[in-house]
Amino acid sequence: MTVKELIDSGLFGVINEGENPDCEVTKVYACDLLSFAMSKAVSGSAWFTVMGNMNTIAVAVLTECSCIILCEGAALDETGLQKAQQQGVTVLKTALPIFEAALLLHEKLK
Amino acid sequence: MKLYYDLHIHSCLSPCGDDDMLPSNIVGMAMLKGLDVIAVTDHCSCKNCPAVKALAENYGIVALFGMELTTSEEVHVLCLFDELEKAMSFGEYVSTKYLPVQNEPEIFGRQQIADEDDNIIGEEQTLLINATQIDFDEVFDLCERYGGVMIPAHIDKNANSLLANLGFIPNDSKFTCVELKHKGYYEELCKKHPYLKKCNVISDSDAHYLGDINERIHYIEAAERTAKSVISALKGKNI
């Protein structure tokens, strides 16, 4: 599944459509501590978290995540949004808890 | 006496701090705004504090020295000292607890060390916004050991704060001062967390851009216009 296909699936709401529509969503990754995500998230991961700030975006760029999904209704703050727009990072949102949201995508990726 | 303050300002050493946040610009702006006391608190480093000290002395502003420490739980805590040497020793210790991740300036931003004349004299290589290997429950004793005060930062924010990341105030806490982004939340927070009733409350700008530095709004009641008196005021209940 590509990022574009994930967006079109309507599973999650869209906060920022990035510049990577053809990027393959390869894996599901869930973590809220940036220090862990920084070293553990693998390239192509869809990253499920509640941390919506500019550092989340930077870590997603660093680890080459395909997209970020902000769960539990967590918001992306203003500087985070600007950073996502500048860096072309796809950020999606859902009211679901992290586990349920991640499981939903995991099932789709099977 | 009333001392108007801003004790949480990021310089160009913080990757997220604007490149214009040179120590000279920060101290100059603080003077223009009529602040009495400031602290430049970069993420996990005090390396721009020497320049701040020199400038503050020239401008006649009181400076505290320290950093915004990121604990292993990614809770942000201001660690403030009345003397540069104490802060620098504390900074040395914290640097032994860094996670070994290098900064990538094009992604996170530059981490520049400046002198008082705006010369860039170095660049920190380790990523400073990362967590350290220091747990929240270690911070109070650590600050005491180096002669400073710990202040959990912006505890009303929903990221990187004591209440967001830990979700509660540990029973064995010893800190006596907290920082709120919005002081108006204090009463409400006290109902949920009665511990806060015995704390001093400060409110800082957390500025990453020059224009965001506090105006002359928030003040501390201190016995004298000295760094030592301000630290005492932060520790005692007289704000």
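In this report, the structure presented in the accompanying data block is examined.

Conventions used here
- Residues numbered from 1 in each chain as written.
- Chains lettered and ligands numbered in written order.
- Predicted model: local features only at pLDDT ≥ 70, side-chain atom pairs only at ≥ 80, totals over all residues.
- Heavy atoms only, no water.
- Contact = heavy atoms within 4.5 Å.
- Buried area = accessible area lost by both parts, 1.4 Å probe.
- Polar contact = N/O pair within 3.5 Å; in protein donor to acceptor, adjacent residues only side chain to side chain.
- Nonpolar A, V, L, I, M, F, W, Y, C, P; charged D, E, K, R; others polar.
- Axes fitted to C-alpha atoms, helices over the stretch in contact; angles between N-to-C directions.
- Helix = DSSP H or I, 4+ residues; strand = E, 2+ residues; numbered from the N terminus.
- Left-handed = near helix turned anticlockwise from the far one by under 90°.
- Pairing = 2+ DSSP bridges.
- Patch = residues over 30% accessible without salt bridge, like charges linked within 9 Å, V, L, I, M, F, W, Y side chains within 5 Å.
- Areas by Shrake-Rupley, 256 points an atom, 1.4 Å probe, with all protein chains shown as cover.
- Salt bridge = Lys/Arg side-chain N within 4 Å of Asp/Glu carboxyl O.
- Lys, Arg positive; Asp, Glu negative; His and termini not counted.
- Charge placed at Lys NZ, Arg CZ, Asp CG, Glu CD.
- Expected span 1.5 Å × (residues − 1).
- Buried < 20%, exposed > 50% of the residue type's maximum accessible area, 1.4 Å probe, protein only.
- Arc of directions from axis to C-beta.
- Disulfide = S-S within 2.5 Å.
- Core = buried A, V, L, I, M, F, W, Y, C linked by side-chain atoms within 4.5 Å.

**Re the interface of chain B and chain A**
- Across the boundary between the two partners, chain B contributes 16 residues, which contact 15 residues of chain A.
- For the chain B face of the interface with chain A, the top three residues by lost area are Glu74, Ile107 and Phe108 of chain B, together amounting to 45%.
- Run the count over chain B and chain A and you get three residue pairs in polar contact (both at pLDDT 80 or more).
- Of the residues in the side of chain B that touches chain A, the class split is nine nonpolar, three polar and four charged.

**Here we look at the packing of helix α1 (residues 23-32) of chain B against helix α2 (residues 49-59) of chain B**
Residue and element names in this part refer to chain B.
- It is the contact of α1 with α2, at a shortest axis distance of 9 Å, that shows an interaxial angle of 35 degrees. When the axes of α1 and α2 are compared, the crossing they make is right-handed. Seen from α1, the contacting residues are Pro23, Ser24, Val27, Gly28 and Met31; seen from α2, they are Ala51, Val52, Leu55, Ala56 and Tyr59.

**Here's the deal with the sheet that holds strand β3 (residues 62-70) of chain B**
All names here are of chain B.
- With mixed pairing, the six strands of this open sheet are ordered in space as β7-β4-β3-β2-β1-β10. Of all strands in the sheet, those bounded by a partner on one side alone are β7 (148-152) and β10 (219-221). Each adjacent strand pair in this sheet contributes to an overall mean axis angle of 30 degrees, direction not counted.
- Inspection of the sheet shows strand β1 (residues 2-9) paired to strand β2 (residues 37-40) by three bridges, in the parallel sense. Paired with Asp6 across the bridge in β2 is Ile38.
- This element, α2, spans β2 and β3 of the sheet and lies at about 160 degrees to β3.
- In the packing of helix α5 (residues 136-146) onto the sheet, the strands contacted are β3, β4 (76-81) and β7, and the crossing angle to β7 comes to about 155 degrees.

**Considerations on a negative patch on the surface**
- A contiguous patch of negative charge on the surface is contributed by Asp135, Asp137, Glu138 and Asp172 of chain B.
- With respect to the helices and strands, the residue Asp135 of chain B is situated in the loop between β6 (120-123) and α5.

**A word on helix α5 (residues 98-109) of chain A**
Residue and element names in this part refer to chain A.
- Between its first and last C-alpha, α5 extends 16 Å over twelve residues, near the 16 Å set by a 1.5 Å rise per residue.
- Restricting attention to buried positions, one finds in α5 the residues Ile98, Ala101, Ala102 and Leu105. Down the axis of α5, the sector holding all buried residues measures 95 degrees, keeping them to one side.
- For α5, the elements touching its buried residues are α1 (3-9), β2 (27-30) and β3 (45-49).

**A few points about the state of the cysteines**
- Under the counting rule described, the total for this entry stands at zero disulfides over all chains.
- Cys71 of chain A forms no disulfide, and the closest cysteine sulfur to it belongs to Cys67 of chain A, at a distance of 10 Å.
- This cysteine, Cys44 of chain B, is not joined by any disulfide, and Cys79 of chain B carries the nearest cysteine sulfur, 8.8 Å off.
- Residue classification places Cys44 of chain B among the buried positions, given a relative accessible area of 1%.

**Topic: the side chain of Ser14 of chain B**
Residue and element names in this part refer to chain B.
- The topology assignment puts Ser14 in the loop between β1 and α1.
- Reaching out from Ser14, the side chain makes a polar contact with the backbone nitrogen of His43 at a distance of 3.3 Å.
- Apart from residues lying up to four places away in sequence, Ser14 is in contact with Asp42, His43 and Arg110.

**Looking at the nonpolar core**
- Ranked by size, the top nonpolar core spans 55 residues in total, and within it Cys79 and Phe175 of chain B carry the most contacts.
- Among residues more than four places away in sequence, those in contact with Cys79 of chain B are Phe65, Gly66, Met67, Leu69, Phe90, Val139, Cys143 and Val149 of chain B.
- Of all hydrophobic cores here, the second largest spans 23 residues; its members include Cys31, Ala60, Ile68 and Val91 of chain A.

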